[in-house]
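Coordinates in review
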Amino acid sequence: MSAEISVTYPDGRTVSTVVGPTAGELLRKWNPEGFGPVLAATWDGRPVDLSFVPASSGTLAPLTFRERAGRDILQHSAAHLVAKAIVERIPNALPTAGPPTEEGFYYDFDVRPLTPEDLDAVRAAMDRAVAEDLRFERVEVDRAEAARLAGSNPHKLGYLADIPPGSPVSFYRTGTFLDLCLGPHVPSTKWLAGVHILGFSAITAGGVKDGDPRQRIRGVGFPTKPELAEFLKLRAVAEARDHRTLGQKLELFSFSDEAPGFPFWHPNGMVIVRELERFVSEHYSEDGYREIRTPLMFAKSVFERSGHWEHYRQNMFLTEADGREFGWKPMNCPGAMMIFQSRARSYRELPLRLAEFAPLHRFEPSGTLHGLTRVREFVQDDAHLFVTEEQIEGELVRLLKWIDRAFTTFRLTWSYELSKRPAQFLGDPSEWDRAEAVLEKVLKGSGIEYTTSPGEGAFYAPKIDIHVRDSLGRPWQTGTIQLDYQMPARFGLEYQGADGRLHRPVVIHRTILGTWERFLGVLLEHCDGRLPPWLSPTQVRILPLAERHDAAADQLAGRLRTAHLRVDRAGSDETLSKRVRQAEIDRIPYLIVLGDQEVANATVALRVRGEKGQKTLSESDATARMVRAVEHRSFDP
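Everything numeric in this text was worked out from a predicted model, so none of it was measured. (Residues numbered from 1 in each chain as written. Predicted model: local features only at pLDDT ≥ 70, side-chain atom pairs only at ≥ 80, totals over all residues. Heavy atoms only, no water.)

**Overview of the overall build of the protein**
Along the backbone of the protein there are 19 helices and 34 strands. For 637 residues, the compact-globule estimate of 2.2 N^0.38 gives 26 Å, and the C-alpha radius of gyration of the protein, at 28 Å, lies within 12% of that figure. Based on the C-alpha atoms only, the size of the protein along its principal axes is roughly 100 × 75 × 60 Å. Burial statistics for the protein: of 637 residues in total, 52% are counted as buried. In the protein, 68% of the contacts between residues at least 6 apart in sequence involve partners at least 24 apart. Of the roughly 28,900 Å² of accessible surface on the protein, 50% is carried by carbon and sulfur atoms. The averaged location of the 87 negative side-chain charges in the protein is 2 Å from the averaged location of its 80 positive side-chain charges. (Helix = DSSP H or I, 4+ residues; strand = E, 2+ residues; numbered from the N terminus. Rg over C-alpha atoms; globule rule 2.2 N^0.38 Å. Buried < 20%, exposed > 50% of the residue type's maximum accessible area, 1.4 Å probe, protein only. Contact = heavy atoms within 4.5 Å. Areas by Shrake-Rupley, 256 points an atom, 1.4 Å probe, with all protein chains shown as cover. Lys, Arg positive; Asp, Glu negative; His and termini not counted. Charge placed at Lys NZ, Arg CZ, Asp CG, Glu CD.)

So this is what it looks like as structure tokens:
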């Protein structure tokens, strides 16, 4: 007789079943009406194929394209579809790696230079595969068989060697195409009707100058053609607002091949960074945060204690000094733990809110780097809140209120995602259950709508992820709130309670705007570079009509600077219409025109970005209007 297991569903219902039904069959039986969009599943927080057969008791949840893990699965399946088509077109092509990215996916090939004709043939082969509705079939093999199947592809043999001993080795078969892959994948190619190739390019392996040549195909996938069509329509508008182009035009930042993924902040860009920092710092002062600064680099032993060495080392920059191995910190949390640990603590100090603006470094793959939205060095509005068990809910409610205030200021809409325990995690599952229950209770108690993503939590804590939507409707993940029982335990943190005994604090990791880099990239595209006056590097530009007005313009600029406005003065040697047009290109919020009449009457002709014509105002009224907009952090003009 088959063994009997229990399966727990997202609604809390638990059923008993014999071993044998697949995850897909179990989910269809649980919710037949809602099964249509389900493309994969999670089993105990780990993404699995719908063909996966649970062999022991556990929790089962559906994955759709709405969930982040579901989107990644579809994008990665789309990459396999591209690889299948490339190998059909060029049989000696060697696929290397094809991961999902934030925009879609890419797949790198060790192959001769591709041509537009190759891409046409690849698209046709992909269309045929979708029409044939080919299954993604998982095949688990031993290492000897895996080496035989990888055969002449040294890149796959290299990946095989990296798989830890005792771990399963799997290939996925799609028609005649076979690829070494951990998975999971969508059930079949019919899910990939909305796959589109965005382009191809020549790269080098590892993104280094002397790396072996590769050909990269970039693409994006959706379950249906209408969804793809909507994306392409949106993308055409977004390309005109690309923050990388705006950053160059407005002289905010730049990048160099000599430092890939590391932004160069120009003076105009630093104005924005400092204003964002001031905006957050004012909140910190109001809410009792205290600022710290911790080292940029720690010894390996620190990251072993925090768990990053085991779970995050591949994303870290490593170096050696004094015969020891060090890592550049990818997160601020280890340093905050060490500051708490530096002396005895009392319950009277809690909640202790420690904030840190410090550069962080993550070794993002070269193929995922994208302007400011995916970089290797960044700074975020990061803080760690050390609290008692009784203080958790109150602190979470305060954070949700700050999120509302912060994103309303930038006229962004946002949503929440509760990301639960991943397959690989630290600590006791019961502590995770408790943390997840508290996060869920606070979200529900605050009347907030949210989605749930099993398996997407950090390796040390469940979290509430914040996704903003820009004016084009595109989602971006920015901030996160994590409820952590693990790191305080791993660092041995304690405080003396009112009862005189030692207790362990709980830590809330939180970043709201996220990184200055990503947030600015999103904001530039959200407002097409027309930043709110308080963020604009130049808030006011003075346009003297003729050279005889230059002195008056300089004096006015001085008075406006005294009022704490950022001002520049244009030369008077070009036509007014040309200078006004340049100010529009530079996205200047306020223009002041000075001529004979304005100088004689102590007035100004004020042009406001986005408004037609100009208004004649007294200098004091014009100054008050501009100062008021800046001080109130108005989004317009």
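**Let's talk about the nonpolar core**
Residues F407, F410, L483, L513, I542, L560 and I592 are the most contacted members of the largest nonpolar core, which totals 77 residues. Considering every element that reaches this core, the biggest residue donor is helix α12 (residues 392–409), with eight residues. Once residues lying within four places of it in the same chain are set aside, the contact partners of F407 are L412, W414, I466, V468, T478, I512, L513 and F519. Formed by 43 residues, the second largest nonpolar core is a distinct cluster that contains F65, A93, A125 and L228. (Core = buried A, V, L, I, M, F, W, Y, C linked by side-chain atoms within 4.5 Å.)

**Things to note about the domain arrangement of the protein**
What the domain assignment reports for the protein is domain 1 (4–64), domain 2 (69–239), domain 3 (270–294 + 331–527) and domain 4 (533–631). Domain 1 and domain 4 are separated by 64 Å when their C-alpha centres are compared. (Domains from an automatic or database assignment.)

**Description of unusual backbone geometry**
Note the cis peptide between G183 and P184, where omega equals 0 degrees. By the secondary structure assignment, P184 is in the loop between β10 (177–180) and β11 (196–204). Residue P637 follows D636 across a cis peptide bond; omega there is 5 degrees. When you line up the elements, P637 lands in the segment after α19 (619–631). Positive phi, normally seen in glycine, also occurs at D528, with a value near 55 degrees. With respect to the secondary-structure elements, D528 resides in the loop between α15 (516–526) and β30 (540–544). In this structure, A602 takes a positive phi of about 55 degrees despite not being glycine. Positionally, A602 belongs in the loop between α18 (596–601) and β33 (603–608).

**Description of the packing of aromatic side chains**
According to the stated counting rule, one finds 23 aromatic pairs in the structure shown. Arranged with centres 5.4 Å apart and planes meeting at 40 degrees, the rings of F279 and W402 form a pair that is tilted. Of this pair, F279 sits in helix α8 (residues 267–287) while W402 sits in helix α12, and the two are 123 residues apart along the sequence. Note on accessibility: F279 and W402 belong to one class, buried. (Phe/Tyr/Trp six-rings, centres within 6.5 Å; stacked < 30°, edge-to-face > 60°.)

**Comments concerning the side chain of R68**
Along the chain, R68 falls in helix α2 (residues 68–89). With residues near it in sequence (within four places) discarded, R68 still touches E417, S419, S453, E456, K463, D465 and Q477.

**Re helix α4 (residues 143–150)**
With a side-chain oxygen lying 3.3 Å from the backbone nitrogen of A144, the N-terminal cap of α4 falls on D142. Positive phi appears at G151, one or two residues downstream of α4, with a value of about 45 degrees. (Polar contact = N/O pair within 3.5 Å; in protein donor to acceptor, adjacent residues only side chain to side chain.)

**Points about the pairing of strand β5 (residues 58–63)**
By the bridge criterion, two bridges tie strand β1 (residues 4–8) to β5 in an arrangement that is parallel. Note that in β5 the partner of T8 across the bridge is T59. (Pairing = 2+ DSSP bridges.)

**Some words on the pattern of salt bridges**
All chains considered together, the criterion is met by 51 salt bridges. Here R278 makes a salt bridge to E275, at a shortest N to O gap of 2.8 Å. With R278 and E275 both in helix α8 and three residues apart, this pair spans about one turn of that helix. What makes E275 buried here is its relative accessible area of 9%. The closest approach of N and O atoms between R374 and E364, which form a salt bridge, is 3.1 Å. (Salt bridge = Lys/Arg side-chain N within 4 Å of Asp/Glu carboxyl O.)

**Here's the deal with the sheet that holds strand β31 (residues 567–569)**
With mixed pairing, the five strands of this open sheet are ordered in space as β31-β30-β32-β33-β34. Here the strands that pair on one side only, and so sit at the sheet edges, are β31 and β34 (615–618). Strand-to-strand, the axes of this sheet are offset by a mean angle of 30 degrees, without reference to chain direction. With respect to the sheet, helix α17 (residues 576–585) is in contact with β30, β32 (590–594) and β33, its orientation differing from that of β30 by roughly 170 degrees. (Axes fitted to C-alpha atoms, helices over the stretch in contact; angles between N-to-C directions.)

**Observations concerning the packing of α4 against helix α5 (residues 154–162)**
Contact geometry of α4 with α5 gives a least axis separation of 9 Å together with a crossing angle of 160 degrees. The angle between α4 and α5 places the two elements in the roughly antiparallel class. Crossing of α4 against α5: the hand is right-handed. Touching R143, A146, A147 and A150 of α4 are K156, L157 and L160, all from α5. Looking at the contact of α4 with α5 residue by residue, the class counts come to five nonpolar, no polar and two charged. (Parallel < 35°, antiparallel > 145°, perpendicular 65-115°, else oblique. Left-handed = near helix turned anticlockwise from the far one by under 90°. Nonpolar A, V, L, I, M, F, W, Y, C, P; charged D, E, K, R; others polar.)

**With respect to the pairing of strand β12 (residues 213–220)**
With six of eight residues buried, β12 lies mostly within the body of the structure. Relative to β12, strand β7 (residues 105–110) runs antiparallel, the two sharing five bridges. Opposite D108, over in β12, you have R216 as the bridge partner. Here eight bridges tie β11 to β12, and the two strands are oriented antiparallel to one another. Counted as the bridge partner of G199 is R218 from β12.

**Overview of the side chain of R633**
Along the chain, R633 turns up in the segment after α19. Judged by its relative accessible area of 14%, R633 falls in the buried class. For R633, the contacting residues outside a window of four places in its chain are R278, F279, E282, T409 and W534.

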